[in-house]
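# Summary of the model geometry
Here is what each chain is made of, one letter per residue.
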Amino acid sequence: MTVRLYRSTDGSAPTLSGTAGDLINLLDKCLVSGYGSSTAAGWTKPYTSTNAAAFRPGLGLQYYINIDDNGPGAGTGKEARAAGYEIMTAYATGSNLFPTATQSATGTFVRKSNTADATTRAWIVVADEMTFYLFILSGDVANAYTGFTFGEFYSYKSMDFGRYVIIGRVVENSATAGSEQMDLTQDADALASSVSSYIARDHQNNVGAVQIGKVGNQSFLSSPANGSALAGAIAYTNPANSKLFIAPVDITHTVGGNTKRGRMRGFWHVGHAISNFTNGDTFSGTGDLAGKTFLLIKQSMNAGIYCIETSTTWENN
């Protein structure tokens, strides 16, 4: 597998705006067909509809993501709707949805823009053949990125047929930071019913989506709390050893008992305040993280910081 980084500033990169179909075109170019000198991430697009499509990873369990970017909700072109399927036979047709229709009849939401027009928005995609992350400067909060992810996570369970995650926005047609989910620590014990973060199955491989929490390193926070943004309070650099601290982000759930299910692939929690960093900073790991490279995306909607592994070193089952 190969981790690839795509940006709106690349030569021949697709544009993204609050126009119907733009998200489908962007994901097609990044995941399926490539653009300019950028090679695609190895996914396919087996089913399509008007300004809509289903995408399928090239490796792993190869579950599907169905995306409606035809202005399906009150926000029209500002947002798209997305849901995962284990099996698909046509666009928006299949079985074993995550989230299920009971959990959310409209799936989860991808915020593209705060205006339903052709105003272009900066974006970043990081992807390999099994998972992608999408970050967009939507214009809702100045210099803040919305976030979305779909694909496999690294599972602590062997033969885990539920090791797929989807995380989007929790409220449709909302400009508020509170609608974001990607940039928050979420204690599974305290999850609100509205948290829009799901995996495909429970740890016993029972069919049916499971709502999840995700937790970085709570010791990074001066006052650990559910809903804290992904950032930290450790002095930069750490006074004891002059190091920068990051930690993996765990996926947890309470179905079947409190369960630490796995880790998000290539997605990390920074242990220091975001004021120490500039958007686009990069660094290389040392010690246990030797051989890994990282990109910082600043800031998230809730004033956190995204730390994405850009080397081809993401964990795989």
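Note: the structure precedes this text.
About the criteria used
- Residues numbered from 1 in each chain as written.
- Predicted model: local features only at pLDDT ≥ 70, side-chain atom pairs only at ≥ 80, totals over all residues.
- Heavy atoms only, no water.
- Helix = DSSP H or I, 4+ residues; strand = E, 2+ residues; numbered from the N terminus.
- Buried < 20%, exposed > 50% of the residue type's maximum accessible area, 1.4 Å probe, protein only.
- Areas by Shrake-Rupley, 256 points an atom, 1.4 Å probe, with all protein chains shown as cover.
- Lys, Arg positive; Asp, Glu negative; His and termini not counted.
- Charge placed at Lys NZ, Arg CZ, Asp CG, Glu CD.
- Pairing = 2+ DSSP bridges.
- Axes fitted to C-alpha atoms, helices over the stretch in contact; angles between N-to-C directions.
- Core = buried A, V, L, I, M, F, W, Y, C linked by side-chain atoms within 4.5 Å.
- Contact = heavy atoms within 4.5 Å.
- Phe/Tyr/Trp six-rings, centres within 6.5 Å; stacked < 30°, edge-to-face > 60°.
- Salt bridge = Lys/Arg side-chain N within 4 Å of Asp/Glu carboxyl O.
- Polar contact = N/O pair within 3.5 Å; in protein donor to acceptor, adjacent residues only side chain to side chain.

## A few points about the overall build of the chain
A tally of regular secondary structure across the chain gives 1 helix and 20 strands. With the C-alpha coordinates aligned to their principal axes, the bounding extent of the chain is approximately 55 × 45 × 35 Å. For the chain, the residues scored as buried account for 54% of the 317 residues in total. In the structure as shown, the chain presents an accessible area of about 11600 Å², 48% of it carried by carbon and sulfur atoms. Here the chain holds 22 positive side-chain charges and 24 negative ones, and the gap between their average locations is 2 Å.

## What to know about the sheet that holds strand 8 (residues 123–127)
On the basis of which strands lie adjacent, the open sheet formed by 7 strands has the order 1-8-9-10-12-13-14 and antiparallel pairing. Looking at strand neighbours, the two that pair on one side only are strand 1 (4–7) and strand 14 (207–211), the edges of this open sheet. On average, adjacent strands in this sheet sit at an angle of 15° to one another, irrespective of strand direction. Of the strand pairs in this sheet, strand 1 and strand 8 are connected by 4 bridges, and their pairing is antiparallel.

## Considering the nonpolar core
The tendency in soluble globular proteins is for nonpolar side chains to be buried side by side. Counting residues in each nonpolar core, the largest one holds 35 residues, and the members touching the most others are I65, I67, W123, F132, L134, F148 and F150. Examining the composition of this core, we find that 6 residues originate from one element, helix 1 (residues 22–33), more than from any other. Sequence-distant contacts of I67, defined by excluding residues within four places in its chain, comprise L23, I24, L27, A52, A53, F55, A80, R81, A82 and Y91. With 23 residues, the next largest nonpolar core counts F153, I251, I308 and W314 among its residues.

## Things to note about the packing of aromatic side chains
Enumeration according to the criterion identifies 18 aromatic pairs in this entry. Summarising the aromatic geometry, the rings of Y154 and Y156 are spaced 6.3 Å apart at their centres and angled 85° between planes, so their arrangement reads as edge-to-face. Overall, the relative accessible area of 21% leaves Y154 in the partly exposed class. Here Y156 falls in the partly exposed class, since its relative accessible area comes to 35%.

## Focus on the pattern of salt bridges
Under the definition given, this model contains 14 salt bridges. R265 is the partner of D128 in a salt bridge, and the nearest nitrogen-oxygen pair spans 2.7 Å. Residue D128 is found in the loop between strand 8 and strand 9 (131–136), and its partner R265 is found in strand 17 (residues 259–270); the two are separated by 137 residues along the sequence. In this structure D128 comes out as buried when scored by relative accessible area, which is 1%. The exposure class assigned to R265 is buried, which follows from its relative accessible area of 1%. A salt bridge links D160 to R261, with the nearest nitrogen and oxygen atoms 2.8 Å apart.

## Regarding the environment of L59
Along the chain, the position of L59 falls in the loop between strand 3 (52–56) and strand 4 (64–68). Each C-alpha atom of the pair L59 and G42 lies 8.2 Å from the other, and the pair is 17 residues apart in sequence. With residues near it in sequence (within four places) discarded, L59 still touches M1, E129, M130 and E152.

## So, unusual backbone geometry
A cis amide bond links F98 with the next residue in sequence, P99, at an omega value of 0°. With respect to the helices and strands, the residue P99 is situated in the loop between strand 6 (93–98) and strand 7 (108–111). A positive phi angle, near 65°, is found at S12, a position not held by glycine. Secondary-structure assignment places S12 in the loop between strand 1 and helix 1. The exposure class assigned to S12 is exposed, which follows from its relative accessible area of 60%.

## Details of the side chain of D140
Within the element layout of this structure, D140 appears in the loop between strand 9 and strand 10 (146–152). Looking at D140, the relative accessible area reads 16%, which means it is buried. Within the structure, D140 has its side chain in polar contact with the side chain of R111 (distance 2.8 Å). The contacts of D140, once residues within four sequence positions are left out, are R111, N114, A175 and M301.

## Quick notes on the pairing of strand 6
Look at any regular strand and the pattern is simple: side chains alternate between the two faces of the sheet. For strand 5 (residues 79–90) and strand 6, the ladder comprises 5 bridges, and the chain directions are antiparallel. Counted as the bridge partner of G84 is F98 from strand 6. Linking strand 5 to strand 6, which pair antiparallel, is a turn of 2 residues; within it A92 sits at a positive phi near 60°.

## Some thoughts on helix 1
Every buried residue belonging to helix 1 is among D22, L23, I24, L26, L27, D28, C30 and L31, and all of these are buried. Looking one or two places after helix 1, you find G34, whose phi comes out positive at around 80°.

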